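Examination of the molecular architecture
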Amino acid sequence: MRKVVVVTGANSGIGLALCQRLLSQDDQIHLCLACRSMQRAEAARSALLSSHPSADVSIVQVDVGSIKSVLQGARILTQRYKQIDYLYLNAGIMPNPQVSLKAFVKGLFSRKVISMFATGEGLLTQKDSVTEDGLQKVFETNVFGHYILIKELEPLLCHNNNPSRLIWTSSSNARKSAFSLSDYQHRQGQESYSSSKYATDLLSVALNTHYNIKGLYSSVVCPGLVMTNLTYGILPSFFWTLIMPVMWLIRLFTNSFTISPHNGAEALVWLFNQKPESLDPLAKYHSCTSGLANSYVTPLKMDLDDTSSLSFYEKILDLEKQVRKRFVPGNC
């Protein structure tokens, strides 16, 4: 039976590269592009079909930054499929990134230059906003919207006889120091992206605790430093023109500079072929690329534990109850 694969944020960057690589590996899958923009989703679908004309590629509108859109998209998916084998939780935003030029110049000529590029620590901040749902935009898009999508698709994901997979695109920027359980939406800070990615790591661990027994397994991926629209938006284009030669040079000394979306998708594709029971729920699977452009996957322990993940999960459950009160049947 054909596997059903749903990918959020599939119209560009790592998401599109993932779809291309999955079809190259197995063009018999049912691939669904879950995107905010239907126009861009159609363009991505056309591009995929041009290289894989016999593939089964469909689209569905899902804006994970809108609970209404998530509920509507989940309803369509529930009508379309009886089971979803892989749900790639890849969509994400980093709005209004601000770079400290002083920290950048200082870091560029220091021993921390690799870490600075790879994580953005001490360098990158964002200006967040509030959505129509009353939630912080980065938190809702990167974390909570995906969580609601999982809950809505639970009947299609939980099958003991044939395990389903959740695979999150996290980041090396997911830092414990940027996250606070008392402010998990990051209303007070300026590192909303980092906080949200650490939150996805916590959530993945908690979901394994609650759902492995139901046949649903969750994994987390770090794509490395990848040049996508999100990355290019951090600095003016002329900066990247100047910096890219330096980045290619640095890649000779570190494996985290994957650079291309194709290489960044390495761990996402690798997990497609793994038995979920054999994976470590406390590990983040990193896409790595050598200086000679050889791609491989390295698992690294995440800086968290079961207790902290379950505490965060309780917060998410409470928030879910509050949010669902606004979306009674007939109002969505």
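I will try to describe carefully the structure that is included in this document. Every value quoted in this text rests on a predicted model; they were computed, and no experiment measured them.

**Quick look at the overall build of the protein**
In terms of helices and strands, the protein carries 13 helices and ten strands. Principal axes of the C-alpha set define a box for the protein whose edges measure 55 × 45 × 40 Å. Looking at the protein as a whole, 55% of its 332 residues are labelled buried. Sequence separation of at least 24 residues holds for 74% of the intrachain contacts in the protein that already meet a minimum separation of 6. Per element, the accessible surface of the protein, about 14900 Å² overall, is 53% carbon and sulfur. Computing the positive centroid from 32 side-chain charges and the negative centroid from 25, the protein places the two 4 Å apart.

**Notes on the nonpolar core**
Counting residues in each nonpolar core, the largest one holds 52 residues, and the members touching the most others are Ile84, Leu87, Phe144, Leu166 and Phe312. The element that contributes the greatest number of residues to this core is helix α8 (residues 192-211), accounting for eight residues. The contacts of phenylalanine 312, once residues within four sequence positions are left out, are Phe139, Val143, Phe179, Leu181, Tyr184, Ala199, Leu202 and Leu203.

**What about the sheet that holds strand β4 (residues 86-89)?**
If you trace the eight strands from one edge of the open sheet to the other, you get β3-β2-β1-β4-β7-β8-β9-β10, paired in mixed fashion. What marks the edges here is a single partner per strand, and that holds for β3 (56-61) and β10 (295-301). Here the strands of the sheet are splayed against their neighbours by 25° on average, with no regard to which way each runs. Sheet analysis places β4 next to strand β7 (residues 164-169), joined by four bridges and oriented parallel. Among the inter-strand pairings, tyrosine 88 is bridged to a residue of β7, identified as isoleucine 167.

**Digging into the pairing of strand β2 (residues 30-35)**
Within a regular strand, the side chains alternate between the two sheet faces. Of all the six residues making up β2, five are buried; the element is thus mostly covered by neighbouring parts of the structure. Inspection of the sheet shows strand β1 (residues 4-8) paired to β2 by five bridges, in the parallel sense. Its bridge partner lying in β2, valine 6 is registered against cysteine 32. Note: β2 against β3, six bridges, orientation parallel. Among the inter-strand pairings, cysteine 35 is bridged to a residue of β3, identified as glutamine 61. Traced from β2 through helix α2 (residues 38-51) to β3, the parallel crossover comes out right-handed.

**Some points on the packing of α8 against helix α13 (residues 306-324)**
Closest axis-to-axis distance for the α8/α13 pair is 8 Å, and the angle between their directions is 90°. By the criterion of interaxial angle, the relationship of α8 to α13 is roughly perpendicular. Taking contact as the criterion, the partners of Ala199, Leu202, Leu203, Val205, Ala206, Leu207, Thr209, His210 and Tyr211 in α8 are, on α13, Asp306, Ser308, Ser309, Leu310, Phe312 and Tyr313. Along the lines of polarity and charge, the residues of the contact of α8 with α13 split into ten nonpolar, four polar and one charged.

**Some details on the state of the cysteines**
Tallying each qualifying case throughout the model produces zero disulfides. We note that cysteine 19 lacks a disulfide partner, and the nearest cysteine sulfur, in cysteine 35, lies 7.8 Å from it. No disulfide involves cysteine 32; its sulfur sits 8.3 Å from the nearest other cysteine sulfur, which is in cysteine 35.

**Here's the deal with the side chain of glutamine 185**
Among the secondary structure elements, glutamine 185 is positioned in the loop between β7 and α8. Looking at glutamine 185, its side chain comes within polar contact range of the main-chain nitrogen of glutamine 136, at 2.8 Å. Here the side chain of glutamine 185 touches arginine 187 through a polar contact of 3.4 Å, side chain to side chain. If we ignore the near neighbours within four places in the chain, the residues touching glutamine 185 are Asp128, Leu135, Gln136, Phe139 and Leu319.

**What about the pattern of salt bridges?**
According to the stated counting rule, one finds eight salt bridges in the structure shown. The salt bridge involving glutamate 152 is made with arginine 324; its shortest N-O contact spans 2.7 Å. One end of the pair, glutamate 152, is in helix α6 (residues 137-152); the other, arginine 324, is in helix α13, and 172 residues separate them in sequence. Using a relative accessible area of 26% as the deciding quantity, one classes glutamate 152 as partly exposed. Of the residues examined, arginine 324 reaches a relative accessible area of 31% and is grouped as partly exposed. A salt bridge links lysine 214 to glutamate 154, with the shortest nitrogen-to-oxygen separation between them at 3.5 Å. With lysine 214 in the loop between α8 and β8 (216-222) and glutamate 154 in helix α7 (residues 154-157), the pair connects residues that are 60 residues apart, well separated along the chain.

Conventions adopted
- Residues numbered from 1 in each chain as written.
- Predicted model: local features only at pLDDT ≥ 70, side-chain atom pairs only at ≥ 80, totals over all residues.
- Heavy atoms only, no water.
- Helix = DSSP H or I, 4+ residues; strand = E, 2+ residues; numbered from the N terminus.
- Buried < 20%, exposed > 50% of the residue type's maximum accessible area, 1.4 Å probe, protein only.
- Contact = heavy atoms within 4.5 Å.
- Areas by Shrake-Rupley, 256 points an atom, 1.4 Å probe, with all protein chains shown as cover.
- Lys, Arg positive; Asp, Glu negative; His and termini not counted.
- Charge placed at Lys NZ, Arg CZ, Asp CG, Glu CD.
- Core = buried A, V, L, I, M, F, W, Y, C linked by side-chain atoms within 4.5 Å.
- Pairing = 2+ DSSP bridges.
- Axes fitted to C-alpha atoms, helices over the stretch in contact; angles between N-to-C directions.
- Right-handed = clockwise from strand over helix to strand, strands pointing away.
- Parallel < 35°, antiparallel > 145°, perpendicular 65-115°, else oblique.
- Nonpolar A, V, L, I, M, F, W, Y, C, P; charged D, E, K, R; others polar.
- Disulfide = S-S within 2.5 Å.
- Polar contact = N/O pair within 3.5 Å; in protein donor to acceptor, adjacent residues only side chain to side chain.
- Salt bridge = Lys/Arg side-chain N within 4 Å of Asp/Glu carboxyl O.

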